[in-house]
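The primary structure of each chain is shown beneath.
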Amino acid sequence: MWTVKQVSRITGVSVRTLHHYDAIGLLRPAKVTDAGYRLYDDAALRRLQNILLFRELQFPLREIKAILDSPNFDPAAALEQQIQLLEMQRRHIGDLIAFARALQQKGASIMDFKSFDTREMEQYKAEAKGRWGGSEAWQECARKEAAGADFAKGGRELMELLAEFGALRQLAPDAPAVQEKAAALQAFITEHYYTCTKEILNGLGQMYTEDERFRQNIDCAGGEGTAAFVRRAIEVYCGKE
């Protein structure tokens, strides 16, 4: 067993931070003595290692807690994906260093922002959160995939459905035809991927405009402004009782 001061000295994590992790239920000591001293065992230190890895990857504490406390958490699988994310982060930092050196050598006239693009890494993190967090939606999606669901075909059909919103852009988002399309979108996702509640659907609508890749793909399929129109239609649909 190690005291909180010993753990702090071993890991470099401050005593104050360890106390905070205990207070929020993220890292409980294995034992608290009658005198009130926190004692940590090997299992606690292993959990702390996981916490620190997730923190290096910029995961919020509340998400780390949800992931580690999930009954579906697989330490080996999580470590593999942590390694993938760390390698992506290393490449990203390498690109930034190379870009900064180019600026230093050639001056600040270089107008290239590719080195700042973290969308691929953020997408991978989102997928990892869904898996490690053991969300019901992810589990349901995984079961359908294991049962032989053709996600590639489903993805094409989903994009076709989103593109159909483009032909309705001259209508108001609350028009019956548009709302029927929003209902069809919810039903399609439920059938092919996971139970799509209105809360989930609303979140997808936001992603369709906030994620540049989704926005570009939807606008390319349905015409400029289709992604924003889909989002407005979904907001109206989800606002109904």
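Residues numbered from 1 in each chain as written. Predicted model: local features only at pLDDT ≥ 70, side-chain atom pairs only at ≥ 80, totals over all residues. Heavy atoms only, no water.

In this section: helix α3 (residues 42-56). Between its terminal C-alpha atoms α3 stretches 21 Å, which fits the 21 Å expected from 15 residues at 1.5 Å a residue. Turning to α3, its buried residues number three or more, namely Ala44, Leu45, Leu48, Asn50, Ile51 and Phe54. The opening residue of α3, the one whose side-chain oxygen lies 3.3 Å from the backbone nitrogen of Ala43, is Asp41. Following α3 by one or two positions, Gln58 has its phi on the positive side, about 70°. (Helix = DSSP H or I, 4+ residues; strand = E, 2+ residues; numbered from the N terminus. Expected span 1.5 Å × (residues − 1). Buried < 20%, exposed > 50% of the residue type's maximum accessible area, 1.4 Å probe, protein only. Polar contact = N/O pair within 3.5 Å; in protein donor to acceptor, adjacent residues only side chain to side chain.)

What follows concerns the environment of Glu180. Topologically, Glu180 is positioned in helix α9 (residues 176-192). Remark: the alpha-carbon pair of Glu180 and Tyr237, spanning 57 residues in sequence, is separated by 9.0 Å.

One finds Leu185, Ile189, Leu201 and Tyr208 to be the most contacted residues of the largest nonpolar core, which totals 25 residues. Taken together, the elements giving at least two residues each to this core come down to α8 (151-164), α9, α10 (198-210) and α12 (226-238). In terms of residue count, the dominant contributor to this core is α12 (seven residues). (Core = buried A, V, L, I, M, F, W, Y, C linked by side-chain atoms within 4.5 Å.)

Below, the discussion takes up the state of the cysteines. Here the structure, examined in full by the defined rule, presents zero disulfides. Cys238 supplies the cysteine sulfur nearest to Cys196, a cysteine that is in no disulfide, at a spacing of 7.7 Å. (Disulfide = S-S within 2.5 Å.)

Strand order in the open sheet formed by three strands is β1-β3-β2, with antiparallel pairing between adjacent strands. Here the strands that pair on one side only, and so sit at the sheet edges, are β1 (2-3) and β2 (31-32). Relative to strand β3 (residues 38-40), β2 runs antiparallel, the two sharing two bridges. Within β3, the residue paired with Val32 across the bridge is Arg38. (Pairing = 2+ DSSP bridges.)

Right, let's get into the pattern of salt bridges. Tallied over the full model, the rule gives five salt bridges. A salt bridge links Asp219 to Arg215; the nearest nitrogen and oxygen atoms lie 3.2 Å apart. In this pair, Asp219 and Arg215 are both assigned in helix α11 (residues 212-222), four residues apart and thus about one turn of the helix distant. On the basis of relative accessible area, Asp219 is assigned to the buried category, the value being 9%. Here the salt bridges do not stand alone but share partners, grouping Asp22, Arg28 and Arg38 into one network. (Salt bridge = Lys/Arg side-chain N within 4 Å of Asp/Glu carboxyl O.)

Next up on the list: helix α4 (residues 61-69). Taken together, the buried positions of α4 are Glu63, Ile64, Ile67 and Leu68. What you see down the axis of α4 is that its buried residues fit within an arc of 125°, all on one side. (Arc of directions from axis to C-beta.)

Mean pLDDT for the chain: 81, with 79% of residues reaching 70 or above. Mean pLDDT values over the elements of the chain span from 59, in helix α7 (residues 136-146), up to 94, in α12. (pLDDT = per-residue confidence, 0-100.)

Now for the packing of α9 against α10. Relative orientation and spacing of two packed helices are given, respectively, by the angle between their axes and the distance between those axes. α10 packs onto α9 with a crossing angle of 105° between their chain directions and a minimal axis gap of 11 Å. Of the possible angle classes, the one that applies to α9 and α10 is roughly perpendicular. Together, Ala182, Leu185, Gln186 and Ile189 of α9 and Lys198, Leu201, Leu204 and Tyr208 of α10 make up the contact between the two elements. Looking at the contact of α9 with α10, its residues break down into six nonpolar, one polar and one charged. (Axes fitted to C-alpha atoms, helices over the stretch in contact; angles between N-to-C directions. Parallel < 35°, antiparallel > 145°, perpendicular 65-115°, else oblique. Contact = heavy atoms within 4.5 Å. Nonpolar A, V, L, I, M, F, W, Y, C, P; charged D, E, K, R; others polar.)

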